[in-house]
Amino acid sequence: MPVTEVSHPLFARFYTWFSGVLDRHGMAAQREALVDGLSGRVIEVGAGNGLNFSCYPPSVAGVLAVEPEPRLRAAALDAARRSPVRIEVVGGLADRLPAASGEFDAAVVSFVLCSLPDPVAGLREIRRVLAPEGRLRFLEHVRAAPGGWARAQDLLDATVWPCLTGGCHTGRDSVAAVEAAGFTVGPLERFVFPGGVRSPISFCVRGEARR
Ligand SMILES: C[S@@+](CC[C@H](N)C(=O)[O-])C[C@H]1O[C@@H](n2cnc3c(N)ncnc32)[C@H](O)[C@@H]1O
């Protein structure tokens, strides 16, 4: 049987709380913008506890939400029941998606590329399941500009951070990974979140890429 699960019970519990805090401090608006204008069939990879689900517009015909962590997947199932758009939640990993080639009009990832063991392999697999005109929408925390914050990110990523956070890395250049997987990156918005107070996960990007 192929592996389709990861298990991070403490992180799952922490993230369920922490992601709600971030949303209340402004991340919910970024989630709305992330999926704004999407239509047709959508695959969301690493859906977590399903915080994007309530943001999908009615033009979306259905969402296949892939989440490998069982506790987060259970929370995503709850969120899917409350969503106005039809959402199917399944287990699975980014680099082996349970989907046929070209099946989706759009793919969505948020705060996932930081956690994939091989982000380029996961992105190539996402590209596989997109239709020729398909779009990837992404919202990620990424590497800071060269300087003190980037050095702090490197130090954290080489030591405790990934062990405490389900494999997350603070200092990845995820836009470069999207390009390396064969996508053409379109409009991007870089922002520091939340404004004012900075941390190693403050440096964010939201954007779109064409298959
Ligand atoms: C920081 S959480 C983000 C959750 C959600 N996308 C959000 O925006 O709140 C990272 C997510 O990536 C998932 N993940 C980790 N490894 C994965 C993999 N190999 N394939 C797919 N998802 C993965 C985790 O289980 C978790 O749900």
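Source: prediction; values computed, not measured. (Residues numbered from 1 in each chain as written. Predicted model: local features only at pLDDT ≥ 70, side-chain atom pairs only at ≥ 80, totals over all residues. Heavy atoms only, no water.)

*Asks:* Could you clarify how one ought to interpret the site of the ligand in this entry?
*Replies:* Around the ligand sit 16 residues in total, of which Y15, R31, G46, E67 and S110 are the nearest. Within the side chain of Y15, a nitrogen or oxygen atom sits 2.6 Å from an oxygen atom of the ligand. The backbone of G48 places a nitrogen or oxygen atom 3.5 Å from an oxygen atom of the ligand. A total of 590 Å² of accessible area belongs to the ligand in isolation, and the protein chains cover 95% of it. Split by residue class, the shell around the ligand holds 10 nonpolar, 3 polar and 3 charged. (Near = heavy atom within 4 Å. Polar contact = N/O pair within 3.5 Å; in protein donor to acceptor, adjacent residues only side chain to side chain. Areas by Shrake-Rupley, 256 points an atom, 1.4 Å probe, with all protein chains shown as cover. Nonpolar A, V, L, I, M, F, W, Y, C, P; charged D, E, K, R; others polar.)

*Asks:* Sorry if this is basic, but what is going on with the side chain of R73 here?
*Replies:* Tracing the backbone through its elements, the reader meets R73 in helix 2 (residues 70-82). Engagement of the side chain of R73 in a polar contact is seen with the side chain of E5, the distance being 2.5 Å. Aside from chain neighbours lying at most four places away, what touches R73 is E5, G48, E67, P68, V89, V90 and G91. (Helix = DSSP H or I, 4+ residues; strand = E, 2+ residues; numbered from the N terminus. Contact = heavy atoms within 4.5 Å.)

*Asks:* Where do I start with the layout of surface pockets in this structure?
*Replies:* A water-sized probe, rolled over the atoms, reveals where empty space remains. Here the second largest pocket is characterised by a volume of approximately 150 Å³. Around the second largest pocket, the lining residues are T16, N49, G50, L51, F53, S54, A75, D78, A79, R82 and S83. Grouping the amino acids of the lining of the second largest pocket by side-chain chemistry returns 4 nonpolar, 5 polar and 2 charged. (1 Å grid on protein atoms, 1.4 Å probe; cavity = no way out; pocket = protein on both sides within 12 Å on 5 of 7 lines; lining within 4 Å. Points joined across faces, edges and corners; volume = space filled by probe spheres on them.)

*Asks:* Please clarify how the sheet that holds strand 1 (residues 40-45) should be interpreted in this entry.
*Replies:* Strands belonging to one sheet form pairs held by backbone hydrogen bonds; the direction of such a pair is parallel or antiparallel. Reading across from one edge, 3-2-1-4-5-7-6 is the order of the 7 strands in this open sheet, with mixed pairing throughout. Each edge of the open sheet is held by one strand with a lone partner, namely strand 3 (87-90) and strand 6 (184-192). The sheet shows a mean angle of 15° between the axes of neighbouring strands, direction not considered. Where strand 5 (residues 130-141) meets strand 7 (residues 203-210), 7 bridges bridge the pair, whose relative direction is antiparallel. Considered in strand 7, the bridge of E140 is made with V205. Along the sheet, helix 3 (residues 119-129) makes contact with strand 1, strand 4 (104-110) and strand 5, crossing strand 5 at roughly 145°. (Pairing = 2+ DSSP bridges. Axes fitted to C-alpha atoms, helices over the stretch in contact; angles between N-to-C directions.)

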